[in-house]
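Structure at a glance
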Amino acid sequence: METTFESRYAIGPNETKTLDTKGLRENFLIDRLFWNDRIHFVYTHFDRYMAGGAMPVDQKLKLETIEPLLKEEFFLSRRELGIINVGGAGTVEVDGEKIDLGTKEALYIGKGVKDVYFSSNSASEPAKFYLNSTPAHHSYPTRKVTKEQANKIELGSLETSNHRVINQMLLHTVIETCQLQMGMTELKPGSVWNTMPAHTHDRRMEVYFYFDLPEGQSVSHFMGPVDETRHIWMQNEQAVISPPWSIHSGAGTSNYTFIWGMAGENMDYDDMDKSSITELR
Ligand SMILES: O=C(O)C(=O)C[C@H](O)C(=O)CO
Ligand SMILES: [Zn+2]
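Just so it is clear, the model here is predicted, and its values are computed rather than measured.

Remarks on the site of ligand 1
- Looking at ligand 1, there are 14 residues lining it, with Arg 164, Thr 185, Glu 206, Tyr 208 and Tyr 269 nearest.
- One nitrogen or oxygen atom from the side chain of His 248 is found 3.2 Å from an oxygen atom belonging to ligand 1.
- Within the side chain of Trp 260, one N or O atom sits 3.3 Å away from an oxygen atom of ligand 1.
- For ligand 1, whose free accessible area comes to 330 Å², the fraction covered by protein is 98%.
- Counting only elements with at least two residues in the shell around ligand 1, the list comes to strand 14 (164-170), strand 18 (204-211) and strand 23 (257-264).

Some remarks on the coordination of the zinc ion (ligand 2)
- Ligation of the zinc ion (ligand 2) by protein atoms is provided by His 199 (NE2), His 201 (NE2), Glu 206 (OE) and His 248 (NE2), these donors lying 2.1 to 2.4 Å from the ion.
- Classification of the site at the zinc ion (ligand 2) as octahedral follows from its six donor atoms and the range of 73 to 176° in their angles at the metal.

Re the packing of aromatic side chains
- By the definition in use, this model includes 12 aromatic pairs.
- Measuring from centroid to centroid gives 4.4 Å for Tyr 130 and Phe 209, while their planes differ by 15°, and the two rings are stacked. One end of the pair, Tyr 130, is in strand 11 (residues 129-135); the other, Phe 209, is in strand 18, with 79 residues separating them in the sequence.
- Overall, Phe 209 belongs to the buried group, its relative accessible area being 0%.
- Aromatic side chains Trp 260 and Tyr 269 sit 5.3 Å apart centroid to centroid with 55° between the ring planes, which places their arrangement in the tilted category.
- Overall, Trp 260 belongs to the buried group, its relative accessible area being 2%.
- Following the ring pairs from residue to residue traces out a cluster consisting of Phe 34, Tyr 130, Phe 209 and Phe 211.
- Sitting over the ring of Trp 35, Arg 32 keeps its end group 3.6 Å from the ring centre.
- Positioned over the ring face of Trp 35 is Arg 38, at 4.5 Å from the centre of the ring.

Let's talk about the side chain of Arg 8
- Its location among the elements puts Arg 8 in strand 1 (residues 2-8).
- Looking at Arg 8, its side chain comes within polar contact range of the main-chain oxygen of Leu 29, at 2.9 Å.
- Arg 8 has contacts with Arg 25, Glu 26, Asn 27, Phe 28, Leu 29, Ile 30, Val 42, Tyr 43, Thr 44, His 45 and Ile 241, leaving out every residue within four places of it along the chain.

Thoughts on the domain arrangement of the protein
- Domain annotation of the protein identifies domain 1 (2-11 + 33-144) and domain 2 (151-279).
- Between domain 1 and domain 2, the C-alpha centre-to-centre distance is 22 Å.
- Taken together, the contact between domain 1 and domain 2 spans 30 residues of the former and 31 residues of the latter.
- When domain 1 packs against domain 2, the two sides together hide about 2500 Å² of surface, and 73% of this comes from carbon and sulfur.
- For the domain 1 face of the interface with domain 2, the top three residues by lost area are Phe 46, Tyr 49 and Lys 104, together amounting to 24%.
- Where domain 1 touches domain 2, the interface holds three salt bridges.
- With a closest N to O distance of 2.8 Å, Lys 104 and Asp 212 form a salt bridge.
- On inspection of domain 1 and its partner domain 2, the count reaches 10 residue pairs in polar contact (both at pLDDT 80 or more).

About the criteria used
- Residues numbered from 1 in each chain as written.
- Chains lettered and ligands numbered in written order.
- Predicted model: local features only at pLDDT ≥ 70, side-chain atom pairs only at ≥ 80, totals over all residues.
- Heavy atoms only, no water.
- Near = heavy atom within 4 Å.
- Polar contact = N/O pair within 3.5 Å; in protein donor to acceptor, adjacent residues only side chain to side chain.
- Areas by Shrake-Rupley, 256 points an atom, 1.4 Å probe, with all protein chains shown as cover.
- Helix = DSSP H or I, 4+ residues; strand = E, 2+ residues; numbered from the N terminus.
- Donors = N, O, S within 2.8 Å, 3.2 Å for Na, K, Ca; no water.
- Tetrahedral: all angles 85-135°; square planar, octahedral: opposite > 155°, others 65-115°.
- Phe/Tyr/Trp six-rings, centres within 6.5 Å; stacked < 30°, edge-to-face > 60°.
- Buried < 20%, exposed > 50% of the residue type's maximum accessible area, 1.4 Å probe, protein only.
- Lys NZ or Arg CZ within 6 Å of the ring centre and 35° of its normal.
- Contact = heavy atoms within 4.5 Å.
- Domains from an automatic or database assignment.
- Buried area = accessible area lost by both parts, 1.4 Å probe.
- Salt bridge = Lys/Arg side-chain N within 4 Å of Asp/Glu carboxyl O.

Given below as structure tokens:
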């Protein structure tokens, strides 16, 4: 098996303003996370957040350290890891303990765990483990969180095309983490807008991973400061980095699901600087 990675440096709103479509995509879009029998990570220098994918098909995949990037003996020496399975049923082995992870189930693994392996129950319907990792200072226990155990928030309405349920899964109100927080937002049929009205939180960066998009449909993701927004067209199973200074919102050509993950100064989900829809430019 192999582990591959790319690095993305952190840039600000002034530099972002000068980018054309290609430049915007090169800096913020993560166009592919899942490769057969491979673990792939994007390392962003925004809060040293890592977003990745592990898709075991014919092999069991080991979460190995990335020597030139982390310079640590094992991946979780100084990191914590959040996982949400967006594929078929699979298993995550954590220091010898096997944990089944079905579709849309989440798992938190704390700092200091040495051996993590990923496997799929079926090669014809492989598990797709979406991975987010952040630096950590303390070891918290491994915890699985199902959708039923998530803290649920229903927002929006069909009339304003933004009716959705936010599942707070790896959030500090549900489990203990150092700084990583992850959850999954599902849009109701007929609703296409996520995170509208939009917000920023200069204290935390965020990564959005869009999935469950029907064939032939796309999401236009909006980023940038409230008074100078840009858009990035995204396909199924692509992710996008949202800097702390940026809004993160999207409109799909159908409904869809997305996973949000974030880290930074505080863990207060509600610490958002909300903007009104009419002030967006
Ligand atoms: O649909 C939404 O609204 C969200 O899911 C918002 C994200 O959870 C978020 O941006 C948290 O900061
Ligand atoms: Zn946010």
